Amino acid sequence: MFKIYDISMTIQQDMQVWGNAKNNQPVFENVSNYETGEVYDSKMTLSVHTGTHVDAPLHMLEDGATIESIGLEELVGHARVLDLTAVEDAVSKADLEKFGIQKGEWILLKTRNSFNESNTFDTGFVYVNEEAARYLVEIGIRGIGVDGLGIERSQREYPTHRQLFRNNIIIVEGLRLKNVPPGTYFLVVAPLKLTGLEAAPARAVLIGGV
């Protein structure tokens, strides 16, 4: 027996988006219904950074790889959920050291961000600072998932993103981990099959024992 945790954000028109910018909001349009046609049909417009999504290096590196360069085999495997709910501002190296993170691990950071269930973007969301990113690069993790819509804020030249990307560490943003106890799970992240872009929305799940 096993339990499945859906750790994805629901994509809807009034959802939380980066910076509360109206032009970042998803738009859904009905183009046919049973009064105007024979079928019900809708159209969707959204940013590739909407909700839960996978970033590709092109997002922050001028010559970076695009989203299709990240194989599904890199987004499936065991992952550990780390409890960082006591962190108020930025996840630091000191916050991470106590978890004994190992080379090749996938880690998911559960912070107070997961408990913000409003549709309003929190400009003071918990992020991963430059020092912590350097520490993870030194360890050689495989991937990192965060429950903020971004992995960093208020850092000039985006050192967290860029350090991770330059060392082939995958970044998943916009997870929802409120109901997930800390521990080890089987992770599945399935981004939309896009090409030539810097990110893709994704469905993410964790599978664990009951």
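Rules and cut-offs
- Residues numbered from 1 in each chain as written.
- Predicted model: local features only at pLDDT ≥ 70, side-chain atom pairs only at ≥ 80, totals over all residues.
- Heavy atoms only, no water.
- Helix = DSSP H or I, 4+ residues; strand = E, 2+ residues; numbered from the N terminus.
- Rg over C-alpha atoms; globule rule 2.2 N^0.38 Å.
- Buried < 20%, exposed > 50% of the residue type's maximum accessible area, 1.4 Å probe, protein only.
- Contact = heavy atoms within 4.5 Å.
- Areas by Shrake-Rupley, 256 points an atom, 1.4 Å probe, with all protein chains shown as cover.
- Lys, Arg positive; Asp, Glu negative; His and termini not counted.
- Charge placed at Lys NZ, Arg CZ, Asp CG, Glu CD.
- Salt bridge = Lys/Arg side-chain N within 4 Å of Asp/Glu carboxyl O.
- Axes fitted to C-alpha atoms, helices over the stretch in contact; angles between N-to-C directions.
- Parallel < 35°, antiparallel > 145°, perpendicular 65-115°, else oblique.
- Nonpolar A, V, L, I, M, F, W, Y, C, P; charged D, E, K, R; others polar.
- Core = buried A, V, L, I, M, F, W, Y, C linked by side-chain atoms within 4.5 Å.
- Phe/Tyr/Trp six-rings, centres within 6.5 Å; stacked < 30°, edge-to-face > 60°.
- Lys NZ or Arg CZ within 6 Å of the ring centre and 35° of its normal.
- Patch = residues over 30% accessible without salt bridge, like charges linked within 9 Å, V, L, I, M, F, W, Y side chains within 5 Å.

Looking only at helices and strands, the chain features three helices and 12 strands. On C-alpha atoms alone, the chain measures out to a radius of gyration of 17 Å, which is about the 17 Å that the 2.2 N^0.38 rule sets for 210 residues. Along the three orthogonal principal directions, the C-alpha set of the chain runs to about 60 × 45 × 30 Å. Looking at the chain residue by residue over its 210 residues, the buried ones come to 49%. Across the chain, contacts joining residues at least 24 apart in sequence account for 73% of those joining residues at least 6 apart. Only carbon and sulfur atoms are counted for the fraction: they give 50% of the accessible area of the chain, which is about 10900 Å². Treating the 19 positive side-chain charges of the chain as one cloud and the 28 negative ones as another, the clouds have centres 5 Å apart.

The next thing to look at is the pattern of salt bridges. Inspection of every chain in the model, using the stated rule, returns eight salt bridges. Across the salt bridge formed by Asp 6 and Arg 203, the nearest N and O atoms sit 2.7 Å from each other. Remark: Arg 203 occurs in strand β12 (residues 199-209) and Asp 6 occurs in strand β1 (residues 2-6); sequence separation between them is 197 residues. For Asp 6, a relative accessible area of 39% translates into the label partly exposed. For Arg 203, a relative accessible area of 52% corresponds to the exposed category.

In the contact formed by helix α2 (residues 130-139) and helix α3 (residues 159-166), the axes pass within 8 Å of each other and the chain directions differ by 10°. Considered as vectors, α2 and α3 are oriented roughly parallel to each other. Contact with α2, carried on its side by Glu 130, Ala 133, Arg 134 and Val 137, involves Pro 159, Thr 160, Gln 163 and Leu 164 of α3 and no other residues of that element. Split by residue class, the contact of α2 with α3 holds four nonpolar, two polar and two charged.

By size, the foremost hydrophobic cluster in this structure holds 26 residues, and its most contacted members are Leu 96, Ile 101, Leu 109 and Ile 144. Counting residues per element, the ones that place at least two in this core are β7 (106-110), α2, β9 (143-146) and α3. For this core, the element with the most residues is α2, which contributes five residues. Ignoring sequence-local partners within four residues, the contact set of Ile 101 consists of Arg 80, Leu 82, Leu 96, Ile 107, Leu 136, Ile 139 and Ile 141. Membership of the second largest hydrophobic core comes to 23 residues, among which are Ile 7, Val 54, Leu 108 and Ala 200.

The next subject is the packing of aromatic side chains. Counted under the stated rule, the structure contains five aromatic pairs. When the centroid spacing of 5.8 Å and the interplanar angle of 55° are considered together, the rings of Phe 121 and Phe 125 count as tilted. On the basis of relative accessible area, Phe 125 is assigned to the buried category, the value being 4%. Members of the aromatic cluster, connected to one another through ring pairs, are Trp 18, Phe 121 and Phe 125. Over the face of the ring belonging to Tyr 5 we find Lys 3, whose NZ or CZ atom lies 5.2 Å from the ring centre. Here Arg 153 stacks its cationic end above the ring of Phe 125, 5.8 Å away from the centre of that ring.

With that out of the way, let us pick up a nonpolar patch on the surface. A cluster of nonpolar residues, Ile 11, Phe 28 and Met 44, forms a patch on the protein surface that exposes about 250 Å² of accessible area. Position of Met 44 relative to the elements: it lies in strand β3 (residues 41-45).

Attention now goes to unusual backbone geometry. Positive phi is not limited to glycine here, since Asn 20 has a value of about 55°. Structurally, Asn 20 is set in the loop between β1 and β2 (27-32). Located in the positive-phi region is Asn 168, a residue other than glycine, with phi close to 60°.

Read these as layout, nothing more, since geometry by itself doesn't imply function.
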